[in-house]
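Structural overview
This is what each chain is made of:
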Amino acid sequence: MKEVDAIIIGTGQGGMPLASALAGEGQEVAVFERSRVGGSCLNYGCTPSKTFLAAAHAAGRARAAADLGVRVTVDVDFPKIMSRVRETSESWSEGAKKRIIDAPATRIMAEGSFTADGGVQGGGEEFSAPLVVINTGTSPFVPPVPGLEGTPYLTDRNFWDIAELPSTTLVLGGGYIGLELGQGLARLGSKVHIVDMQERVMSIESPEVSEVIHEALERDGVSFHLGVKAGSVEHSNGTFKLEMEGAETLEGDALYVATGRRPNTRALNAEGAGIELDRRGFIEVDDEFETSRTGVYAIGDVIGQPAFTHVSWEDYRRLYGILHGEDRTKGDRVLGYAMYTEPQLGRAGLSLEQALEQGFDAQEARMDIKDMSRAIEWGQDLGFFQMVIDKDTGHILGATLVGYEAGELVHVFLDLIEAGATWELLERAQHIHPTYAEYLPSVARMFKD
């Protein structure tokens, strides 16, 4: 067994920069990676999906231009789209690999697992260190639907390898991934059916968000089958048959499974090393990311946090600060995220429902996109802006934006909430006309009125 200063398990968007930072300080670092450097974001998630959606949304906007008096014929070269997706993803992954190679760290391209005494082994090597950080992330959760196992179903792991556009795609799951890729496939020409057990898509968001996104995807030809459970799956002669309990049977030449995530902890032997997991297999940590075993930390979505790249990267920054004596905690941030359908969803802080549940005397102000001049001019008029404030203090608690490029606009609220700003500060602001951002102060002025 070799003694080092730190061991990092996983090279996701938290583990990779942490390994580089510690090694750059002169610490001896051992890094375990069982698959591709860069984690899900570069290889299976953000980079390939948003590159894919760039093409899909370009096709969707081109068709929608007919409402503006511009008629075009859209010719989709699906193999070229997917080739560009793979090239972009591989380029970013190679850049991440070079960053690890350039760092003065020991790299073990194998799955790391704990020994009973807290060491980490893999690839025929074994290390011990006073600091171990787990950043193993999550993988697609595949539900136990009879007949599904053994079929060539798709997940974010293998979707990017397909070369031909499915004529009909069945999507299990009406969450962020299923909706993004479902709309993307529809805009490229596939007939898409989205199936979900919940009565509405994006069930963790407010009903109003679900309603707008549902309408947007229906405009693109997506069919929804909600409140139904997948009963069984058959696959033969290139065709999937998805039987829904108490409902119709759907057929398609592709089946995409987007039913959630599971933690990558099964191979860690975490419990054997005294590292506690919750009932779903996520690693339990305290407010400073430390597990139940002293000196072992975990960051990113493997601890049950939202599976967003920026969350993992911020975990790295916070843990690095904690290790260097800074007063940081896991929760000292404002959570923000986006979904890249069209219209986009941008979220910052608390929704009205969340604020009320947490005991705030909260109030909302909202404005429909269709009442904004830029939306009317551009023909992008589906969605709304909502801001939530604490009536006792005037502080902005959160914002939900659904609309064109809402993922960009929501950063205004992220910064204001982080700064502890009140609605009065935004109300006094002057934003440029005609823009969507022009109406952010207008929403704040509703509180004044």
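Structural notes, computed from the coordinates.

Each value, and the rule that gives it
All residue numbers here refer to positions counted from 1 along the written sequence of the relevant chain. A pLDDT threshold of at least 70 governs which residues receive local features in this predicted model, and a stricter bar of 80 or more applies before side-chain atom pairs are shown or counted, although totals over entire chains, interfaces and linings include all residues. Excluding hydrogens and water, the side-chain values take into account all heavy atoms of the structure. Put simply, DSSP marks the helices as runs of H or I at least four residues long and the strands as runs of E at least two long, and each gets a number from the N terminus on. Here's how the labels work: a residue is buried when its accessible area is under 20% of the maximum for its type, exposed when over 50%, partly exposed in between, all with a 1.4 Å probe on protein chains only. Here, residues are in contact when the closest pair of their heavy atoms is within 4.5 Å. Per-residue and other accessible areas follow the Shrake-Rupley method at a 1.4 Å probe size, with only the shown protein chains counted as cover for residues. A positive count includes Lys and Arg, and a negative count includes Asp and Glu. His and the chain ends are not counted in either. Here the site of a charge means atom NZ of a Lys, CZ of an Arg, CG of an Asp or CD of a Glu. The pairing criterion is simple: DSSP has to find at least two bridges between the two strands. Take the residue count of a helix, subtract one, and multiply by 1.5 Å to get its expected span. Between N-to-C directions, angles span 0 to 180 degrees; the directions come from axes that are lines fitted to C-alpha atoms, helices contributing only their stretch in contact. When the strands point away from the viewer, a crossover counts as right-handed if the route from the first strand across the helix to the second turns clockwise. What makes a salt bridge here is a side-chain nitrogen of Lys or Arg within 4 Å of a carboxyl oxygen of Asp or Glu, nothing more. By convention, the crossing between two helices is left-handed when the near helix turns anticlockwise from the far helix through less than a right angle, and right-handed when the turn is clockwise. Three classes are used: nonpolar for Ala, Val, Leu, Ile, Met, Phe, Trp, Tyr, Cys and Pro, charged for Asp, Glu, Lys and Arg, and polar for all others, with Gly counted as polar. Aromatic rings from Phe, Tyr and Trp, with only the six-membered ring used for Trp, were paired whenever their centres fell within 6.5 Å, and each pair was classed as stacked if the ring planes differed by under 30 degrees, edge-to-face if by over 60, and tilted otherwise. Two conditions define a charge located above a ring, namely a distance within 6 Å from the ring centre to NZ of Lys or CZ of Arg, and an angle within 35 degrees of the ring normal.

Turning our attention to the overall build of the protein. On a plain count of helices and strands, the protein comes out with 13 helices and 23 strands. Taken along the three principal axes of its C-alpha coordinates, the protein extends 70 × 65 × 40 Å. Within the protein, buried positions represent 54% of all 449 residues. For the protein, the share of sequence-separated contacts (at least 6 apart) that also reach a separation of at least 24 residues comes to 64%. When the accessible area of the protein is evaluated, it comes to approximately 20200 Å², of which 47% is carbon and sulfur surface. For the protein, the distance from the average site of its 40 positive side-chain charges to the average site of its 68 negative ones is 4 Å.

Now for the sheet that holds strand β1 (residues 2-3). The four strands are arranged β1-β7-β6-β5 in an open sheet whose pairing can be described as mixed. Edge positions in the sheet fall to β1 and β5 (113-114), since each has one partner strand and no second. Bridge count between strand β6 (residues 120-122) and strand β7 (residues 125-128): three bridges; the pairing is antiparallel. Paired with V120 across the two strands is F127, which belongs to β7.

Given a rise of 1.5 Å per residue, 25 residues ought to cover 36 Å, and the 36 Å separating the end C-alpha atoms of helix α4 (residues 78-102) matches this to within 8%. Of the residues making up α4, those classed as buried are F78, I81, M82, V85, S89, S93, A96 and I100. Looking at the buried side of α4, the elements it contacts are α1 (15-24), α2 (39-43), α3 (46-64), β4 (105-108) and α5 (176-188).

We now examine the sheet that holds strand β15 (residues 249-252). Whether parallel or antiparallel, the strands of a sheet pair through hydrogen bonds between backbone atoms. The three strands are arranged β13-β14-β15 in an open sheet whose pairing can be described as antiparallel. Single-partner strands in this sheet number two, and they are β13 (230-236) and β15. Direction aside, the axes of adjacent strands within the sheet are offset by 15° on average. Examined bridge by bridge, strand β14 (residues 239-244) and β15 share four bridges and lie antiparallel to one another. Counterpart to F240 in the pairing with β15 is G252.

Here we take up the pairing of strand β11 (residues 191-196). Counting buried residues along β11, five of its six residues qualify, which places the element largely inside the surrounding structure. Sheet analysis places strand β10 (residues 168-172) next to β11, joined by five bridges and oriented parallel. By the bridge assignment for β11, T169 is matched with V192. Considered for its hand, the β-α-β crossover made up of β10, α5 and β11 is right-handed.

Let us look at the pattern of salt bridges. If you walk through the whole model with that rule in mind, you get 22 salt bridges. Of the charged contacts in the structure, one is a salt bridge between R317 and E314, with a shortest N-O distance of 3.2 Å. Taken as a pair, R317 and E314 lie in helix α7 (residues 309-323) at a separation of three residues, close to a single helical turn. Of the residues examined, R317 reaches a relative accessible area of 38% and is grouped as partly exposed.

A separate point is the side chain of T51. Of note, T51 is situated in helix α3. By relative accessible area, which is 10% here, T51 ends up buried. Beyond its immediate sequence surroundings of up to four residues, T51 is in contact with R84, V85 and T88.

The next thing to look at is the packing of α3 against α4. Between α3 and α4, whose axes approach to 9 Å, the crossing angle comes to 145°. Here α3 runs over α4; the crossing is right-handed. Residues T47, P48, T51, F52 and A55 of α3 form the contact with α4, whose participating residues are F78, I81, M82, R84, V85, T88, S89 and W92. Per-class residue counts for the contact of α3 with α4 are eight nonpolar, four polar and one charged.

Note on placement: T168 falls in strand β10. Remark: the alpha-carbon pair of T168 and P79, spanning 89 residues in sequence, is separated by 17 Å. Non-local contacts of T168, meaning those with residues more than four positions away in its chain, are made with S190, K191, H193, E251, G252, D253 and A254.

What follows is about the environment of K80. Take K80: it is sitting in helix α4. Taking relative accessible area as the criterion, K80 reaches 59% and is therefore assigned exposed. Counting along the chain gives 65 residues from K80 to G15, while the straight-line C-alpha distance between them is 33 Å.

Attention now goes to the packing of aromatic side chains. Ring pairs (aromatic) are described by centroid distance and by the angle formed between their planes. Applying the stated criterion across every chain, the model contains 13 aromatic pairs. Considering the side-chain rings of F159 and W160, the 4.9 Å spacing of their centres and the 85° angle between planes classify their relative orientation as edge-to-face. In terms of burial, F159 and W160 fall into one category: buried. Taking the centre distance of 6.1 Å and the plane angle of 75° together, the rings of Y176 and Y337 count as edge-to-face. Remark: Y337 occurs in strand β19 (residues 336-339) and Y176 occurs in helix α5; sequence separation between them is 161 residues. Of the aromatic side chains, those joined through ring pairs into one cluster are F52, F78, F159, W160 and Y256. Sitting above the plane of the Y44 ring, R157 keeps its charged end 4.1 Å from the centroid.

This brings us to the side chain of E205. Of note, E205 is situated in the loop between β11 and α6 (207-219). Ignoring anything within four residues of it in the chain, the contact list for E205 reads Y176, R200, S210, Y337, L345 and R347.

Take the packing of α1 against α7 next. Where α1 meets α7, the axes come as close as 9 Å, and the angle between the chain directions of the two elements is 30°. Handedness of the α1/α7 crossing: right-handed. The segment α1 lies against α7, with P17, L18, A21 and L22 engaging W313, Y316, L319 and Y320.

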